[in-house]
Amino acid sequence: MQNPTSCVLLRALTLAAIAGPVTAMATEQADSPWEVSLGLGALHQPTYAGSPNQRTTPVPLGGVRYRHERYGEFAFDHRGWSWTAWRNERWQFGAVLGVDGGRKDSDPSGPMEQGDARLAGMGEINSSAEAGVFAGFGPLSLQVQRGLGSDGHRGVRASLAAEHSIMLSQRAGLTLGASVQWADERYLQSYFGVTSAQAAATDFRLYTPKAGLHAADLSLGLEYQLNARWSVQSALVWTRLLEQAADSPLVEREADASAVLGVVYRFR
């Protein structure tokens, strides 16, 4: 589900853009500790980070959120399962357990899979669980997570993001976002490196990236509330690969854009 490109877009879907700012109509339901929404959208993005090819697939939208006065906030959304242990007007801290969907070395068959036939011979990056922590101060947030088990990338990655929401009207809200992403050698080797065995099986040259910044992005999200339950939501994310990720022989396009458009129903 998440590679360097799709992770950015899925964050924009529910953290920065597709969940959008809470409009005046939505705040009328704030008395309930539950927030439940479900929707469907069309997602257009590269087949993998740096790919020259793109595809459009259906994608589920929405999530579940529960707030408890003593134990914090629990949610299931783009990050997987998250727990915001403490929050005030400026600060927030928590933990997250999610999934990295890996990458195939063939054309993907499922709607949320990443991969491309031009990677034939590179082998598959298996999906794996990821655990991490996050902290926020005002519009800034930092999240650090690590792959679990031995089947996936097994690396560590971090993202520093900033967001700002604007109420355009009683029905419409806009969210602007930006982030920069860092990863260690294991993560970058999995997604951007080429081992000697992979080089022998493909036309890609041997490449061993070092830890460092690997991507930056800008996002724009728009939510329009049709009524108290239904909303139309969209997001546009521009991503640029950086430093050694951009120098990878797997990368043909260092910068690309992804977009989503969908409809969401709020149960509460």
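Residues numbered from 1 in each chain as written. Predicted model: local features only at pLDDT ≥ 70, side-chain atom pairs only at ≥ 80, totals over all residues. Heavy atoms only, no water.

Draft legend 1. Layout of the pattern of salt bridges. The final tally for this structure, using the stated rule, is 12 salt bridges. The salt bridge partner of aspartate 77 is arginine 65, with a shortest N-O separation of 3.3 Å. Pair noted here: aspartate 77 is in strand β3 (residues 72-77) and arginine 65 is in strand β2 (residues 54-68), with a separation of 12 residues, a long-range link. For aspartate 77, a relative accessible area of 12% puts it in the buried group. Measuring nitrogen to oxygen at the nearest pair gives 3.0 Å for the salt bridge that ties glutamate 252 to arginine 118. Residue glutamate 252 is found in the loop between α4 (243-246) and β12 (255-266), and its partner arginine 118 is found in the loop between β5 (91-100) and β6 (128-137); the two are separated by 134 residues along the sequence. The exposure class assigned to arginine 118 is partly exposed, which follows from its relative accessible area of 28%. Salt bridges linked by common partners bring Glu35, Arg65, Arg67, Glu73, Asp77 and Arg87 together as one network. (Salt bridge = Lys/Arg side-chain N within 4 Å of Asp/Glu carboxyl O. Helix = DSSP H or I, 4+ residues; strand = E, 2+ residues; numbered from the N terminus. Buried < 20%, exposed > 50% of the residue type's maximum accessible area, 1.4 Å probe, protein only.)

Draft legend 2. Local environment of the packing of aromatic side chains. Tallying each qualifying case throughout the model produces nine aromatic pairs. Between phenylalanine 74 and tryptophan 83 the ring centres are 6.4 Å apart and the planes differ by 10°, which places this aromatic pair in the stacked class. Judged by its relative accessible area of 38%, phenylalanine 74 falls in the partly exposed class. Judged by its relative accessible area of 39%, tryptophan 83 is partly exposed. Ring plane angle 45° and centroid distance 5.0 Å describe the contact between tyrosine 187 and tyrosine 191, whose orientation is recorded as tilted. Here the residue tyrosine 187 and the residue tyrosine 191 both occupy positions in helix α2 (residues 185-192), the gap between them amounting to four residues, near one helical turn. Accessibility assignment for this pair places tyrosine 187 and tyrosine 191 in one class, buried. Aromatic rings pair up to connect Trp86, Trp91, Phe93 and Phe137 into one cluster. Residue placement shows arginine 90 over the ring face of phenylalanine 137; its charged tip is 4.8 Å from the ring centre. Positioned above the aromatic ring of tyrosine 48, the side-chain terminus of arginine 103 is 5.7 Å from the ring centre. (Phe/Tyr/Trp six-rings, centres within 6.5 Å; stacked < 30°, edge-to-face > 60°. Lys NZ or Arg CZ within 6 Å of the ring centre and 35° of its normal.)

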